[in-house]
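Listed here are the chains, written in short residue letters.
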Amino acid sequence: MKHHHSHRDQQSDGVSRREFLHRSSSALAGAVAIVLILPEGSAAGISGADYDWDRHTWVYVIDTTKCIGCGSCVRACRTENSVPEGMYRTWVERYEIPVTGEAFVDSPDGGEHGFDPVTSGMNVGKGFFVPKMCNHCRATPCTQVCPVGASFTTRDGVVLVDAEHCIGCGYCVQACPFGSRFINPTTHTADKCTWCYHRITKGLTTACVEICPVGARLLGNRDDPDDPVNEILATRRVQVLQPELLTRPQCFYLGLDMEVR
Amino acid sequence: MTSENPLAHSKHVFRAALLLLIVVATLILGRLFFVPETWGEYGFYRGAAVGEHRAKPVRFGGDEACEPCHDAEYAEHAVGVHAPVRCELCHGPVALHADLEEGEKLADMPIRRSRELCELCHRAQAARPTSFPQIDVREHLLENGGEVTPDACFDCHDPHSPY
């Protein structure tokens, strides 16, 4: 009875314990929400006379029927981007598929020093090279898993790493289904293909596209109707790597074989 | 009981309010200290990172970068079958050789007169497109009466414009 009595007394004061806790937790939640929302700005972005990222959506086309496996792209990428030895932002895989039996796949040093002929004596039914790199996926798992927001997609569709902010936990390296990321042994942060963001925002193309002697690689702007990539995507049959993962890769392959993953 | 001062238990409220204030102040101060300046400028990332990527140095300049000084080689190369092969594929990036903005030469460009360089593209491979010219160097030299030396290719072929 005493208990009930005092409870009523508190109610007569205006605030019960339950109500107090409820109100104060709401207030706390509100304060936290305000603090979290405050710094969200609405800047115009990277736009100016030289480059406007709202007028660009970058995509990449790789023609596996043209690639000769010289490895020039791998070497060019390394020098252009100071990629440490043994690490690859792009690499070339060789596929030799016999008429019957298992496919042979290799990528010695990422194809950087070219390929020696395979001397297994197998009866190759079809053979081809497949250059690989970051697919700059529209729905990419790598940026989603980053616990600190160091991986992000720019407004023009390029997936980048903020090396200043990255803590090197390696979650994104594991999340990428294409093996496109690595931990840079010099900086101890995540590293990956940037589609040479420093070049493409200055009117140049990527180092790998620039150096390819057979035109197997092409970078283009989806937002420019006159860009050659748009004709390819509109008229040719293209495929992406591992479409079943629904990451929406933005590297489109011509002449891709089902053996390629 | 009903005559009790309504502020008799107010110190509980003040304690809770103080605690709340400390928590909120810590959050705000913590954010000011830990959140980078340009965070959230364009999205859930540090806005300045975009500019930092853009500011990285360009090393490959394209054939046009070579033309001003090497116009003879440029002209010969431009009309040959090796026209699609960039100067920098064999010679390396121009940035290691010249400062294009200052117009200054920094170092000699490496010239690799080696068979291995040619073989990167032209050594016969089952995986290469059949339409692409490729050879077994030993067979090719045997057929044409050459000797297997490290720079054998250059006895007959000018890499700027082969054939």
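Residues numbered from 1 in each chain as written. Chains lettered and ligands numbered in written order. Predicted model: local features only at pLDDT ≥ 70, side-chain atom pairs only at ≥ 80, totals over all residues.

**Considerations on the sheet that holds strand E1 (residues 58–63) of chain A**
Residues and elements named next belong to chain A.
And step 1. The mixed open sheet is built from four strands, whose spatial order is E9-E1-E11-E10. Every other strand in the sheet has two partners, leaving strand E9 (217–221) and strand E10 (238–239) as the edge strands with one partner each.
And step 2. Across two bridges, the pairing between E10 and strand E11 (residues 251–254) is antiparallel. Considered in E11, the bridge of valine 238 is made with leucine 254.
And step 3. Packed onto the sheet, helix H8 (residues 228–235) meets E1, E9, E10 and E11 and runs at close to 100° relative to E9. (Pairing = 2+ DSSP bridges. Helix = DSSP H or I, 4+ residues; strand = E, 2+ residues; numbered from the N terminus. Contact = placed C-beta atoms within 7 Å. Axes fitted to C-alpha atoms, helices over the stretch in contact; angles between N-to-C directions.)

**What to know about the confidence of the model for chain B**
Residues and elements named next belong to chain B.
And step 1. Residues of chain B with pLDDT of at least 70 account for 98%, and the chain-wide mean is 91.
And step 2. Taking the mean pLDDT of every element in chain B, the minimum, 88, falls on strand E2 (residues 104–105) and the maximum, 96, on helix H2 (residues 48–54).
And step 3. Taken over the whole predicted complex, pTM reads 0.84, whereas the ipTM for its chain interfaces reads 0.87. (pLDDT = per-residue confidence, 0-100.)

**Re the sheet that holds strand E4 (residues 124–133) of chain A**
Sheet strands pair by backbone hydrogen bonding; their relative direction is either parallel or antiparallel.
All names here are of chain A.
And step 1. Sheet architecture is open: three strands sit in the order E3-E2-E4, paired in antiparallel fashion. Each of the sheet's edge strands pairs with one partner strand only, and the pair in question is strand E3 (104–106) and E4. Looking at each pair of strands side by side, their axes are set apart by 15° on average, direction ignored.
And step 2. Where helix H3 (residues 72–81) meets the sheet, it contacts strand E2 (90–98) and E4, and its direction lies at approximately 165° from that of E2.

**Section: H3(A)**
And step 1. With eight of its ten residues buried, H3(A) lies for the most part within the structure.
And step 2. All buried positions along H3(A) are accounted for by Ser72(A), Cys73(A), Val74(A), Arg75(A), Ala76(A), Cys77(A), Glu80(A) and Asn81(A).
And step 3. Looking at the buried positions of H3(A), the neighbouring elements they touch are E2, E4, helix H7 (207–211) and E9 of chain A together with helix H5 (87–91) of chain B.
And step 4. Trailing H3(A) by a residue or two, Ser82(A) shows a phi angle of about 50°, which is positive. (Buried ≥ 20, exposed ≤ 12 C-beta atoms within 10 Å, placed from the backbone.)

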